[in-house]
Amino acid sequence: MSENLDKSHVDEAEKSNDSEQGLEGALECSDEVLQKQINSDSASPQRMQRPHSSPPQFVAVEELLETAKGITNMVLAHEIVVNGDFQLKPVELPENSLRKKVKEIVHKAFWDCLSAQLSEDPPTYDHAIKLVGEIKEILLSFLLPGHTRLRNQITEVLDLDLIKQEAENGALDISKLAEFIIDMMGTLCAPARDEEVNKLKDIKELVPLFRAIFSVLDLMKMDMANFAITSIRPHLMQQSVEYERKKFQEFLEKQPNSLDFVTQWLEEASGDLMTQKYKHALPAAGEAAGSGDAPALTPVVVQNYAYLKLLKWDHLRRPFPETVLMDQRRFQELQLQLEQLTILGAVLLVTFSTVAPVISSQTDFAEKLKMIVKILLADMHLPSFHLENALTSTGEKVCLEVSSRLSQCGFSPFSTDKETVLKGQILAVASPEDPIRRIMESRIITFLETYLASGQQKPLPTVPGGLSPIQRELEEVAVRFVRLVNYNKMVFCPYYDAILNNTQLLAADCLCLHSYPLASVAPCFPKKVGPLSSEQFFQIPHAESYQESKGLSHDFTSCPSLEQPSSPSPPSISCQKGYL
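In this text the structure is predicted, and so the values were computed from the model without any measurement. (Residues numbered from 1 in each chain as written. Predicted model: local features only at pLDDT ≥ 70, side-chain atom pairs only at ≥ 80, totals over all residues. Heavy atoms only, no water.)

The next subject is the overall build of the protein. Within the protein one finds 23 helices and 0 strands. The burial tally for the protein puts 42% of its 580 residues in the buried class. Of the contacts made within the protein by residues no fewer than 6 positions apart, 75% connect residues no fewer than 24 positions apart. Accessible surface, the protein: about 31400 Å² in total, of which carbon and sulfur atoms supply 54%. (Helix = DSSP H or I, 4+ residues; strand = E, 2+ residues; numbered from the N terminus. Buried < 20%, exposed > 50% of the residue type's maximum accessible area, 1.4 Å probe, protein only. Contact = heavy atoms within 4.5 Å. Areas by Shrake-Rupley, 256 points an atom, 1.4 Å probe, with all protein chains shown as cover.)

If you want it as structure tokens, here you go:
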């Protein structure tokens, strides 16, 4: 029945300007829906825990609203690009909520007033004409610039001045207008809404009919908004990086402390790697200082390590970095999936190491066992989930399956002692300190780190030993993780580089004594000293000239404490993790 406009919409959508106008107009009715989804996706309960890095600034309400709008647009654009399944959905208010009760009361009062006006003799059409005007505007908002015939038809039939004259003269046929509106809705709606539009024709009373018309129009507006999002996605993907960076820069100019948590995050990652680097560089017995091969600490290495730290983030106690806040929900999902894979891999590794190799090498048995464990761990995201109870049930089920398969293959049944040992090993996986679990976790992180450093090249890196049973699931998570990281890098890499460059200068400042053997420094200080004072620093031979040659400014309150060595060939002073 409907003149399906999807084809014409697709043709028009090839013009980016028309698509953008369609998106802007269609989303005007969906601010409430979008705001609710953005809040649920991006809100962080720890936003009040901001470091004291800069004094609070007073801003005007208009500036605050403009900033909030810019952030909302940035989040919307990010969701459209990153989430291919992103759609706007109608708001469903909670039952018995105050907001829902107020809405029902106001709507009932409005429709009761309309019913009273239409029941008068002669009827009063003031409210009805206003509703027709609103319906006219909604129908016109569905049209693209090329739909001239439909636009003229709607404007001609729903001419409010003419309708008012007909009402004043007692010649208005409101049922005829409703019939035209329903037919036009059937022309403009998506095929999925044909059934709802057809049901409107069975409603004979005007008040329930108008009420149902507005209900269907709300669904059509949502369909139009989602269609506009789908149409604009290819155009937005080409400019999303520059757009997000521009919006964030505008926000940063108004809120200069909006990179505080990002700075903490990157400095912590840099400090961890710095500690690892200089531990690796410490000489072995009999070697000269600095003879170790320390890995290069580049901004890319630090950023990759920082992203890996997000997979073990404490979301309840630690604020999430600002530049990845829009993807916090996605990182939480990845973190949960990796935790499940870690426990799943540990359980399978323990099981296959205990049972006979003849059955552990059977593909169908391994897949069946993996599916059983995955089902038992499926509710790990729920607050009511207890890992110990789940692993206890897992141990029982695994032992039953192993005994059954041994019987089928003609082997001796699983002994009671072996069952007890296997159940105990599976239950021990519940502890984060379990050696098997830590091995699996370390190998998973190594795989992700290797894939991230490879630049998303195909084929994927070789899966470390012991991860073969979960290889498919791990590779799926790795692909999602690397895509998320690479997109975030493209948008915010300039900010990361600036922060890390500053961090490296601070590290160099802390390590300004790196080339001085402790034997030459020791006579200046006691055996154990705390942070260096200015007098102590300049007592070091040539310290001031070295500092000036490097353009450094020494922080006399933050350098790590020094300890006089007892060996004749002491290593150089290295920066400790606490400095960064």
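Okay, back to it.
With that settled, the discussion passes to the environment of Phe180. As for its position among the elements, Phe180 is in helix α9 (residues 174-188). In sequence terms Phe180 and Val157 are 23 residues apart; their C-alpha atoms lie 8.1 Å from each other. In this structure, Phe180 is in contact with Gln153, Ile154, Val157 and Leu158, ignoring residues within four places of it in sequence.

Let us now look at the packing of aromatic side chains. Taken as a whole, this structure holds 12 aromatic pairs when the rule is applied. Seen in terms of ring centroids, Phe248 and Phe492 are 5.1 Å apart; in terms of plane orientation they differ by 85°. Their pairing is edge-to-face. One end of the pair, Phe248, is in helix α11 (residues 206-254); the other, Phe492, is in helix α20 (residues 471-510), and 244 residues separate them in sequence. Both residues of the pair, Phe248 and Phe492, count as buried. Relative to Tyr496, the ring of Phe492 lies with its centre 6.5 Å away and its plane at 40°, an arrangement referred to as tilted. Pair noted here: Phe492 and Tyr496 are both in helix α20, with a separation of 4 residues, about one helical turn. The exposure classification of Phe492 matches that of Tyr496, with both residues buried. Following the ring pairs from residue to residue traces out a cluster consisting of Phe248, Trp265, Tyr307, Phe492, Tyr495 and Tyr496. (Phe/Tyr/Trp six-rings, centres within 6.5 Å; stacked < 30°, edge-to-face > 60°.)

With that settled, consider the nonpolar core. With 89 residues, the main nonpolar core has Trp265, Tyr307, Phe331, Leu377, Leu391, Leu448 and Phe481 as its most contacted residues. At 14 residues, the largest contribution of residues to this core is made by α20. Those residues in contact with Phe331 that lie beyond four places of it in its chain are Tyr307, Leu310, Leu311, Phe320, Val324, Phe481 and Leu484. Core analysis: the second largest hydrophobic core is formed by 41 residues, Ala128, Ile135, Leu177 and Ala178 among them. (Core = buried A, V, L, I, M, F, W, Y, C linked by side-chain atoms within 4.5 Å.)

For α9, spanning 15 residues, the distance from its first C-alpha to its last is 21 Å, which sits close to the expected 21 Å at 1.5 Å a residue. Within α9, 11 of the 15 residues are buried, which leaves it mostly tucked inside the rest of the structure. Every buried residue of α9 is accounted for by Ile174, Leu177, Ala178, Phe180, Ile181, Ile182, Met184, Met185, Gly186, Thr187 and Leu188. Elements that come into contact with the buried residues of α9 comprise α6 (126-141), α7 (148-157), α8 (160-168), α10 (194-200) and α11. (Expected span 1.5 Å × (residues − 1).)

Right, let's talk about helix α5 (residues 98-118) for a bit. Between its terminal C-alpha atoms α5 stretches 31 Å, which fits the 30 Å expected from 21 residues at 1.5 Å a residue. Among all positions in α5, only Lys100, Trp111, Leu114, Gln117 and Leu118 are buried. Within α5, the buried residues cover an arc of 130° as seen down the axis, which keeps them to one side. Counted as exposed and oriented over 90 degrees from the buried face of α5: Leu98, Ile105 and Lys108. Packing partners of the buried residues in α5 comprise α6 and α11. (Arc of directions from axis to C-beta.)

Let us look at the pattern of salt bridges. Within the structure shown, the criterion is met by 25 salt bridges. Asp272 is the partner of Lys309 in a salt bridge, and the nearest nitrogen-oxygen pair spans 3.2 Å. Of the two residues, Lys309 is situated in helix α13 (residues 299-309) and Asp272 in helix α12 (residues 260-281); the sequence distance between them amounts to 37 residues. Comparing Lys309 with Asp272 shows no difference in burial state: the two are buried. For Arg330, the salt bridge goes to Asp327, with nearest N and O atoms at 2.7 Å. Each member of the salt-bridge network shares a partner with another, and the members are Glu367, Lys370, Lys374, Arg472 and Glu473. (Salt bridge = Lys/Arg side-chain N within 4 Å of Asp/Glu carboxyl O.)

Let's shift gears to the confidence of the model for the protein. Taken residue by residue, the protein gives an average pLDDT of 75. The fraction at 70 or more is 71%. Long-range and interchain partners of residues 1-56, a stretch whose pLDDT sits below 50, account for 102 contacts in this model, where long-range means more than four residues apart. Overall, residues 509-580 carries pLDDT values under 50, and its contacts beyond four positions in sequence, including any with other chains, amount to 104 contacts. (pLDDT = per-residue confidence, 0-100.)

So, about the side chain of Glu244. Residue placement: Glu244 occurs in helix α11. One buried charge, Glu244, has no salt-bridge partner; the nearest side chain with opposite charge is Arg330, at 9.0 Å. Those residues in contact with Glu244, other than ones at most four positions away along the chain, are Met74, His78, Met326, Tyr487 and Val491. (Lys, Arg positive; Asp, Glu negative; His and termini not counted.)

Of note, the amide linkage connecting Asp121 to Pro122 takes the cis form, showing an omega dihedral of 0°. Looking at the element boundaries, Pro122 is found in the loop between α5 and α6. With a phi angle near 65°, Asn96 is a residue other than glycine that sits in the positive phi range. By the element assignment, Asn96 lies in the loop between α4 (61-82) and α5. Accessibility expressed as a relative area gives 64% for Asn96, which makes it exposed.

Attention now moves to the packing of α5 against α11. Two measures define how a pair of helices packs: the angle their axes make with one another and the distance between the axes. Closest axis-to-axis distance for the α5/α11 pair is 9 Å, and the angle between their directions is 140°. With respect to α11, the element α5 is oriented oblique. Crossing angle aside, the handedness with which α5 passes α11 is right-handed. For the pair α5 and α11, the contacting residues are His107, Trp111, Leu114, Ser115 and Leu118 in the first and Leu206, Val207, Phe210, Arg211 and Phe214 in the second. Of the residues contributing to the contact of α5 with α11, the split by class is 7 nonpolar, 2 polar and 1 charged. (Axes fitted to C-alpha atoms, helices over the stretch in contact; angles between N-to-C directions. Parallel < 35°, antiparallel > 145°, perpendicular 65-115°, else oblique. Left-handed = near helix turned anticlockwise from the far one by under 90°. Nonpolar A, V, L, I, M, F, W, Y, C, P; charged D, E, K, R; others polar.)

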